[in-house]
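These are the residues of each chain, in order.
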Amino acid sequence: MTSKEQQLLKFIESFIEARGYPPSYSDMMDGTVTKSKGTIHNRVKRLIASGHIAMASGISRSIRVLESAD
């Protein structure tokens, strides 16, 4: 996992813990100071492929953390 992917995973974990629901791509952009939704999308896809998170297809805010960043 790259440092940027780890940063995103930690952000997702803390967002869910603080608010009780997963972040949107816009939230992830703001929380990781990323300027492109495409970049966030690619990182999310890699986190899914590596088994760290899961996401239901076609459902917004459906990210679940499967494996912690720690």
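Everything that follows concerns the structure shown earlier in this document.
Below is a summary of the structure that appears in this document. Note that the coordinates shown come from a computational prediction; the quantities given were computed from them, not determined experimentally.

Before going further, it helps to examine helix α3 (residues 37–49). Over its 13 residues, α3 extends 18 Å from the first C-alpha to the last, a length consistent with the 18 Å expected when each residue adds 1.5 Å. Regarding α3, the residues found buried are I40, R43, V44 and L47. All buried residues of α3 fall inside an arc of 100° around its axis, so they share one side. Where α3 is buried, its residues touch α1 (3–19), α2 (25–32) and β1 (53–54). Capping of α3 at its N-terminal end is provided by S36; its side-chain oxygen lies 3.1 Å from the backbone amide nitrogen of G38. Phi for G51, located one or two positions after α3, is positive at around 85°.

Quick notes on the rules
Residues numbered from 1 in each chain as written. Predicted model: local features only at pLDDT ≥ 70, side-chain atom pairs only at ≥ 80, totals over all residues. Heavy atoms only, no water. Helix = DSSP H or I, 4+ residues; strand = E, 2+ residues; numbered from the N terminus. Expected span 1.5 Å × (residues − 1). Buried < 20%, exposed > 50% of the residue type's maximum accessible area, 1.4 Å probe, protein only. Arc of directions from axis to C-beta. Contact = heavy atoms within 4.5 Å. Polar contact = N/O pair within 3.5 Å; in protein donor to acceptor, adjacent residues only side chain to side chain.

So yeah, pure geometry; function would need other evidence.
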